[in-house]
Amino acid sequence: MFEMKKGFKDGFLWGGATAANQFEGAYNEDGKGLTIADVSPGGKQRMKLLRDDSYPLEIDLEKYTYPNHLGIDFYHRYKEDIALFAEMGFKTFRMSISWARIFPNGDDAQPNEAGLKHYENVIDELLKYNIEPTITISHYETPLNLVKSYGGWKNRELIGLFEKYARTILERYASKVTYWMTFNEINTGVLGSFFTLGMRNESLNNNFQALHNQFVASAKAVKIARELNPNIKMGCMSIYATMYAYDSNPVTVAETMEENRMFNYFCNDVQVRGEYPTYAHSFFTKNNVVLDVQPGDLEVIKENTMDYLSFSYYMSTTHALKTAEKEESEGNFFGGTKNPYLEASEWGWEIDPVGLRIALNDLYGRYGVPLYISENGLGAVDNVEEDGSIHDDYRIDYLRKHISEMEKAVTIDGVDLMAYTAWGCIDLVSASTGEMAKRYGFIYVDLDDEGKGTLERSRKDSFEWYKNVISTNGVAIQK
């Protein structure tokens, strides 16, 4: 009969995750062009400003701060940081490549060799410590010129430009890098995310046209990768929020199902299953969405599906009818109704470890491909003691509970989980608020929201805890 699996598989990829625009810095060095991240201001009003059409997509140093410009200066300090990752025992490190460091304007005739060489150096440094790089090709960092001159991803010309960029980096690194992801959290485009689509306040039709263009571009990158090296593993990446109905009213349950399908499933259905689901066609008809689908688009999507499915998990969300009496969950990225059974972080994100086990079962049961948890972590304020120590028991508690639910999904439920990369393994600039104060890392970086500090790195208590988890392949989760 069937036997329960015993813990995480041999070769499980423990590690950490980052994004170039949030920690790399050197935003205008060595030929790099500007990206949408470079004109994104710091502070809690970041998202609101970026949704405001009156906010200029320019750098205005007199009016705003731009923490992404410095990040934590990984660009110059990558050897020091990678040595710390190796000390923790990382098996993989998820990083992204800045498109504008390779093609400064996104549509340049020739790539920037300095950018290509930089990432080659980083990859080689990781491999020196036997750390497998996992590379995200596009992580919230569309070249600014492609927004201003082309209108963002609703323009089909970006498919060819992305294909050229993807081919350039894949040809350069295909022999060194096995694990790749195409677009970061692609399904935030369903919400019209500026970071995902490079567009602001567009029509629903344009949002889904932009996503269609990204599906085609992603599939073409997969095709290129497999032609270059059949051993490469290509994955899609989305953000997953376990969704609950607020009550047992069948209408609430039905609305929750519809919301869940369009947010949690739609992009994965297209990229993993290789075709638009029937519910999407119904949604398009209901909302008068008419896509420009060119000959060959659906074929390239169908023929180049993903080897694995990657997702970020930070919180769940609860759906209630607009007429219901309930308390709104203001802090949650997705909004929704406050869940009375959950606590929240300092930033109002509801903490739901069991929701991660539900997510793993849901996704594996639906798609049957290996899963990769590419982001998970707690954003919190860390206090440095007089002796320099940082006691982040709250972070250890958060991670312990989530990893414990992962283990249940693997050992009890039989989910094929291949990797876990904790988000912001070293402190970096928050994407949602542009703050340094919202820290996720095992490694503390001496830098504040105003860009002041020594940039000195130091180990938090969670550093040693995670090191022990990795060295025991998860056996020491509870210690």
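What comes next concerns the included structure.

The rules behind each value
- Per-chain numbering applies: the sequence of each chain, read as written, is numbered from 1 onward.
- The model is predicted, so local features are restricted to residues of pLDDT at least 70 and side-chain atom pairs to those at 80 or more, both for listing and for counting; the totals for chains, interfaces and linings are taken over all residues.
- Only heavy atoms go into the side-chain values, all of them from the structure, while hydrogens and water stay out.
- Where helices and strands are cited, they refer to DSSP runs of H or I of at least four residues and of E of at least two residues respectively, numbered from the N terminus.
- For the radius of gyration, the atoms used are the C-alpha atoms, and the globule rule reads 2.2 Å times the number of residues raised to 0.38.
- Three exposure classes are used, based on accessible area relative to the maximum for each residue type with a 1.4 Å probe and protein chains only: buried under 20%, partly exposed in between, and exposed over 50%.
- Whether two residues touch is decided by their heavy atoms; if any such pair falls within 4.5 Å, the residues are in contact.
- The Shrake-Rupley method, run with a 1.4 Å probe, gives the accessible areas here. Residue values count only the displayed protein chains as cover.
- Multiplying 1.5 Å by the helix residue count minus one yields the expected span of that helix.
- Each C-beta atom gives one direction from the helix axis, and the arc is the one those directions make.
- The rule for a salt bridge is simple: a side-chain nitrogen of Lys or Arg has to be within 4 Å of a carboxyl oxygen of Asp or Glu.
- Here a polar contact means two N or O atoms within 3.5 Å. Within protein one must be a hydrogen donor candidate and the other an acceptor candidate, and residues neighboring in sequence count only if both atoms are side-chain atoms.

Let's shift gears to the overall build of the protein. Tallying secondary structure elements over the protein gives 15 helices and 14 strands in all. Rg of the C-alpha trace for the protein: 21 Å, near the compact-globule value of 23 Å for 479 residues, within the 12% margin. Viewed in the frame of its principal axes, the protein has a C-alpha envelope of about 60 × 55 × 50 Å. Per-residue burial for the protein yields a buried fraction of 59% across its 479 residues. Long-range pairs, those at least 24 residues apart, make up 75% of the contacts in the protein with a sequence separation of at least 6. With an accessible surface of roughly 18,900 Å², the protein has 49% of that area assigned to carbon and sulfur atoms.

With that out of the way, let us pick up helix 13 (residues 353-367). In this model, helix 13 (15 residues) spans 22 Å end to end at C-alpha, consistent with the 21 Å of a helix rising 1.5 Å per residue. When we look at burial in helix 13, the residues that qualify are Pro353, Gly355, Leu356, Ala359, Leu360, Leu363 and Tyr367. Seen from one end, helix 13 has its buried residues packed into an arc of 145 degrees, which puts them on one side.

If you walk through the whole model with that rule in mind, you get 32 salt bridges. One salt bridge connects Arg94 with Glu375, and the closest N-O pair in it is separated by 3.0 Å. Taken as a pair, Arg94 in strand 2 (residues 92-96) and Glu375 in strand 11 (residues 371-375) lie far apart in primary sequence, 281 residues in all. One exposure class covers both Arg94 and Glu375, and it is buried. Arg395 is the salt-bridge partner of Asp392, the closest N and O atoms lying 2.9 Å from each other.

Within the secondary structure layout, Asn260 lies in helix 10 (residues 250-273). Taking the relative accessible area as the measure of exposure, Asn260 reaches 13% and is therefore buried. There is a polar contact of 2.6 Å between the side chain of Asn260 and the side chain of Asn264. Non-local contacts of Asn260, meaning those with residues more than four positions away in its chain, are made with Met243 and Tyr265.

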